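Coordinate inspection notes
Here's the letter readout for the chains.
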Amino acid sequence: MCGIHDLTEKDLQPLTYTPAFLNSIKGMRFFDPHVHMTARTTDDYQAMADAGVVAIIEPAFWLGQPRTGVDTFRDYFSSLLGWERFRASQFGIKHYCTIGLNSKEANNEKLAEAVMEILPQFIYKEGVVGVGEIGFDDQTALEEKYYRAQLELAKEAGLPVQIHTPHRDKKKGTQRSMDIALEHGLEPHMIIVDHNNEETVKEVLDRGFWAAFTIYPFTKMGNERMVAVVKQYGSERIMVNSAADWGISDPLAVPKTAALMHESGIDLNDIHLVTYTNAVKAFAQSGQINEADFDIARNIDQSEKFNGSSILRGGQQPRIDKNTTIIR
């Protein structure tokens with residue numbers, strides 16, 4: 001047995017390991033249309049870029065505990081348009097967002113009214129590709145009130161709507177969300193109904209809406225189930241996302257699902273549609289998405305700063321090798 005002092009310089013060379021799933025999707029590009037990167041580490045951005053993710057959408061959402069004032073929303077929305085977009089750019093990922101009052105915090109009426117007043121200051125800004133994620137949580141009267149109000153904002157701005165369907169009584173909540181959107185005169189092709197499962201997908205597709213599926217461990221959809229859905233329903237108007245956030249979640253859910261689909265014999269064109277093209281097409285209705293920008297974003301200069309801040313800390317060198325066991 002040798003000790004650490006017996007190791008040579010050759011022994012200390014970086015050890016590399018490429019996850020097996022990356023081999024089957026090499027050269028593919030992915031768009032994750034629902035991921036909460038504010039809650040993720042910068043390492044996650046690097047891993048996503050390495051796996052072929054070229055663009056993402058970050059919906060405004062609940063941060064885990066109730067916010068107590070409108071200025072906390074103002075700062076949060078600003079961070080989606082500023083620091084988070086910059087952070088993504090440092091790994092060659094094009095960052096977009098959707099802006100809205102989430103359904104859970106819609107139940108605080110005083111705060112919700114204040115947030116509704118500032119939303120028009122944000123939804124018209126560059127890089128905002130929709131109003132979202134909005135909809136129902138507990139399916140209360142206040143949730144419906146502010147869902148309807150934000151549908152009107154989206155209609156006035158000509159923006160797509162990203163609907164959060166509830167975890168409880170999902171089928172009823174999904175049907176209700178679609179019914180209300182139609183009541184307000186929105187066209188189904190402008191609505192992305194998110195967090196679908198096997199009991200909601202048929203009606204969503206039959207009614208002409210976009211059906212988004214969240215690959216989230218133990219709660220929403222597993223990627224084996226997603227493979228079965230695509231085999232049954234095809235790839236038209238279906239898209240896959242990770243919704244990775246502060247919970248037990250995986251920001252590589254989209255490329256991993258693509259790899260599993262490939263291994264399961266799904267046609268590469270169908271894989272490309274549900275993990276890239278459909279999301280681009282749905283949210284490009286905002287007028288904010290140009291695929292040529294994805295290639296421009298690949299030109300990275302990690303020495304850049306945003307308001308004096310860098311992703312590099314304490315003299316770090318740009319771009320470390322995540323596959324090595326040696327941390328220099």
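Here's what I pulled together on the structure shown here. Remember, it's a predicted structure, so these values are computed and weren't measured experimentally.

Here we look at empty space enclosed by the protein
- The full count for this structure, using the stated rule, is one cavity of 30 Å³ or more.
- Approximately 30 Å³ is the volume found for the largest cavity.
- Leu-101, Asn-102, Ser-103, Ala-106, Ile-134, Gly-135, Glu-143, Tyr-146, Tyr-147 and Gln-150 are the residues that line the largest cavity.
- Breaking the lining of the largest cavity down by element, the ones donating at least two residues are β4 (128–135) and α6 (141–157).
- When the residues that make up the lining of the largest cavity are grouped by side-chain class, the tally is five nonpolar, four polar and one charged.

Let's talk about unusual backbone geometry
- Cis peptide bonds are those with omega within 30 degrees of zero, and the linkage from Gly-132 to Glu-133 qualifies with -15 degrees.
- The backbone of His-195 sits at a positive phi, close to 60 degrees, despite the residue not being glycine.
- Relative to the assigned elements, His-195 resides in the loop between β6 (191–194) and α8 (201–206).
- Given a relative accessible area of 4%, His-195 falls into the buried group.
- Not every positive phi belongs to a glycine, and Ala-243 is a case in point at roughly 45 degrees.
- Assignment of secondary structure puts Ala-243 in the loop between β8 (238–241) and α10 (253–263).
- Relative accessible area serves as the criterion here: at 3%, Ala-243 is assigned to the buried category.

Points about the nonpolar core
- With 78 residues, the main nonpolar core has Phe-77, Ile-99, Met-226 and Met-261 as its most contacted residues.
- Once residues lying within four places of it in the same chain are set aside, the contact partners of Met-261 are Met-226, Val-227, Val-230, Val-240, Ile-266, Ile-271 and Val-274.
- Among the nonpolar cores identified, the runner-up in size contains 17 residues, and Ala-55, Ile-57, Ala-212 and Phe-294 belong to it.

Observations concerning helix α5 (residues 109–118)
- Residues of α5 that are buried include every one of Leu-111, Ala-112, Val-115, Met-116 and Ile-118, and no others. Here the buried residues of α5 occupy an arc of 160 degrees about the axis, which is enough to place them on one side. Every exposed residue of α5 that faces more than 90 degrees away from the buried side is listed here: Lys-110 and Glu-117.
- Residues of α5 that are buried sit in contact with α3 (70–81) and α6.

Description of the sheet that holds strand β2 (residues 53–59)
- On the basis of which strands lie adjacent, the open sheet formed by eight strands has the order β1-β2-β3-β4-β5-β6-β7-β8 and parallel pairing. Since the sheet does not close on itself, it has two edges, and those belong to β1 (30–32) and β8, each with one partner. Neighbouring strand axes in the sheet, compared pairwise and without regard to direction, differ in orientation by 25 degrees on average.
- Pairing analysis gives four bridges linking β4 to strand β5 (residues 161–164), with the strands arranged parallel.

Parameters at a glance
- Residues numbered from 1 in each chain as written.
- Predicted model: local features only at pLDDT ≥ 70, side-chain atom pairs only at ≥ 80, totals over all residues.
- Heavy atoms only, no water.
- 1 Å grid on protein atoms, 1.4 Å probe; cavity = no way out; pocket = protein on both sides within 12 Å on 5 of 7 lines; lining within 4 Å.
- Points joined across faces, edges and corners; volume = space filled by probe spheres on them.
- Helix = DSSP H or I, 4+ residues; strand = E, 2+ residues; numbered from the N terminus.
- Nonpolar A, V, L, I, M, F, W, Y, C, P; charged D, E, K, R; others polar.
- Buried < 20%, exposed > 50% of the residue type's maximum accessible area, 1.4 Å probe, protein only.
- Core = buried A, V, L, I, M, F, W, Y, C linked by side-chain atoms within 4.5 Å.
- Contact = heavy atoms within 4.5 Å.
- Arc of directions from axis to C-beta.
- Pairing = 2+ DSSP bridges.
- Axes fitted to C-alpha atoms, helices over the stretch in contact; angles between N-to-C directions.

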